[in-house]
Every structure is written in structure tokens, then in C-alpha cells.
Amino acid sequence: MSYPLPQFVEPESHGFIYLGFQAEPPRRAPVYTHTPRRQQAAARLVQAVPVLLRRSDVASVRVFRAVFIPPLPGAPRYDLAMLIRTKHVEDLEAVRTCGEISALDGEQILTGVNVARIGDTDARTDGVFLLNHFTAAPGTDAEAVWRSVTGWYTTKTAVDNSTAIRPTEPSPFALVNYARLPAGQIRFLVGQLTRPSFHRFVRARLDAHGMRALPAFHRLVHTSA
């Protein structure tokens, strides 16, 4: 069983810093409602965006709020997330350790680089965004495994974009995939789990390489670009 691979485009030359923020105590429930405390926390992060952009080594900042996170063991369960692009990969260390980020008091989930890309994830700001966190057995080429299953997603779920980020520092995740979905998270999940080919092809390949997918679904709160 195989699916035609999508057309990959040139990876981004930016560095990526992915931060998580806990506005309320973690819950096992998968649905994240837009509570006052989460609104206040999101507003604080939005106010910090211009401060970050004053740095010459920051290219863009996006703030997200979680809407649905399946209660899977090991999944990051943060109410809010921030995705920072540095001007260049070489800027990662300076930005990661800067006072502007330290003041946000977030959890650094991943610092990395874009190693493979399909389409333009940031072409639109509406809809639901997926941040899919992959764990892998030691020695696994997570990027190669991810590439091998992309054809199933573009064929079966109509996802036309994807930005794969590989960590440049020790991380619990071998890869984080950032993508904009063509429909909501429930339709996306149902479109996976109810298809036998998902279990026979995608899940079987991940299992064969000791990989697990830990998805989190978000909506965009603010973007600087």
C-alpha cells in the first residue's frame, strides 16, 4: 500500500521557538473553552509581541489558544502557545535565552529548524491549526518516517500544507508538525480514525518505527505577519 508523495517546497530558513503557557490547571478533558483567565493570559502574550519584534533577530510571532487536545499520555497540554520565527537559524540561541522570552514565563517545548515543508501553513489565518508532536525511539529518522506518510494525509484529508520542525536541542519530541487544517479538529480526527487505511498505513508505519503522534489543535489569536 502506498500513496503519492506531495510536492515538497523549499524549507524555511528561519529558526523556530515553540513555547507553551498554562493559564489554568491542566485538565483531562480534551475541550479547551475560552475562559476569562485564558483570555487574560492571551492578552498578555499579545501585548508582548511588539516587544519581541523590536529585536532585530525576530522575524515573526504567532499566538495560539488551544481548542482541543486529546488526553494522550505525554501530550503537551497548554492553554496557549507561541511560535516565534527568528531571522536566521543562527539567531536561535540569542532569542531563546533573551530577557523578553524569559519574562513570559512559558515552557519551552521545542527550539528547531524547518526540515521539510508542503505548501504555506501561514497562507491563511482562519481555521484550526494542528501542532502534532512526535516521539520516536532512539536512532529513528523521524523526518523520513513523517515524509513517508504525508501522501496519505494530502490524499485522504485534503491537508495541503505542513511545516515539519526538527529540534536543534534535546527535546522529548523528535519532530513537531505545524499545519493548517481544511476543516475543524473533529472532522479531521474522524477522517483519520474511521478509515481502515489510516490504521493499516499511517499508524502501522509509526508503530514500526517506535513513533507516537500527540496532536494539539489551536486557533490563531494574533499574528505579526
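One structure accompanies this document, and this report is about it. (Residues numbered from 1 in each chain as written. Predicted model: local features only at pLDDT ≥ 70, side-chain atom pairs only at ≥ 80, totals over all residues. Heavy atoms only, no water.)

1. Details of the overall build of the protein
Formally: Where helices and strands are cited, they refer to DSSP runs of H or I of at least four residues and of E of at least two residues respectively, numbered from the N terminus. Note on classification: 1.4 Å probe, protein chains only; a residue is buried when its accessible area is under 20% of the maximum for its type, exposed when over 50%, partly exposed between these limits. Contact definition: two residues touch when any of their heavy atoms are within 4.5 Å. Per-residue and other accessible areas were derived by the Shrake-Rupley procedure at a 1.4 Å probe size, with only the shown protein chains allowed to occlude residues. The charged-residue count follows a simple rule in which Lys and Arg add positive charge and Asp and Glu add negative charge, with His and chain termini not counted at all. Just so you know, the charge point we use is NZ for Lys, CZ for Arg, CG for Asp and CD for Glu.
Counting secondary structure elements, the protein contains 6 helices and 8 strands. Along its sequence from the N terminus, the protein presents helices and strands in the succession β-α-β-β-α-α-β-β-α-β-β-α-α-β. In terms of overall dimensions, the protein has a C-alpha envelope of 50 × 40 × 35 Å along the principal axes. Burial analysis of the protein (225 residues in total) assigns 50% to the buried set. Across the protein, every contact between residues at least 6 apart in sequence was considered, and the portion connecting residues at least 24 apart equals 83%. When the accessible surface of the protein is split by element, carbon and sulfur atoms take 53% of a total near 10300 Å². Counting 26 positive and 19 negative side-chain charges, the protein places the centres of these two groups 10 Å from one another.

2. Some thoughts on the environment of T223
The line we're drawing: N or O atoms closer than or at 3.5 Å make up a polar contact, with two conditions inside protein: a donor-capable atom paired with an acceptor-capable one, and, for residues adjacent in sequence, both atoms drawn from side chains.
Inspection of the secondary structure puts T223 in strand β8 (residues 212-223). In the structure, T223 is positioned 178 residues away from L45 in sequence and 11 Å away in space, judged by C-alpha atoms. Not counting chain neighbours up to four residues away, the residues in contact with T223 comprise V61, R62 and T125. In this structure the side chain of T223 is engaged in a polar contact, spanning 3.2 Å, whose partner is the side chain of R62.

3. A closer look at the environment of A137
One can find A137 in the loop between β5 (128-135) and α4 (142-156). Through-space distance from the C-alpha of A137 to that of P26 is 27 Å; in sequence the pair is 111 residues apart. If sequence neighbours within four positions are ignored, A137 has contacts with H209 and G210.

4. So, the pattern of salt bridges
We count it as follows: What counts as a salt bridge is simple: a side-chain nitrogen of Lys or Arg found within 4 Å of a carboxyl oxygen of Asp or Glu.
Under the counting rule described, the total for this entry stands at 12 salt bridges. A salt bridge links R55 to D57, with the shortest nitrogen-to-oxygen separation between them at 2.8 Å. Across this residue pair, the class does not change: R55 and D57 are buried. Between R62 and D122 there is a salt bridge, and its shortest N-O distance comes to 2.9 Å. Note that R62 is positioned in strand β2 (residues 58-68) and D122 in the loop between β4 (107-118) and β5, a separation of 60 residues in sequence. A single network of salt bridges, built from pairs that share partners, joins E12, R62, R85 and D122.

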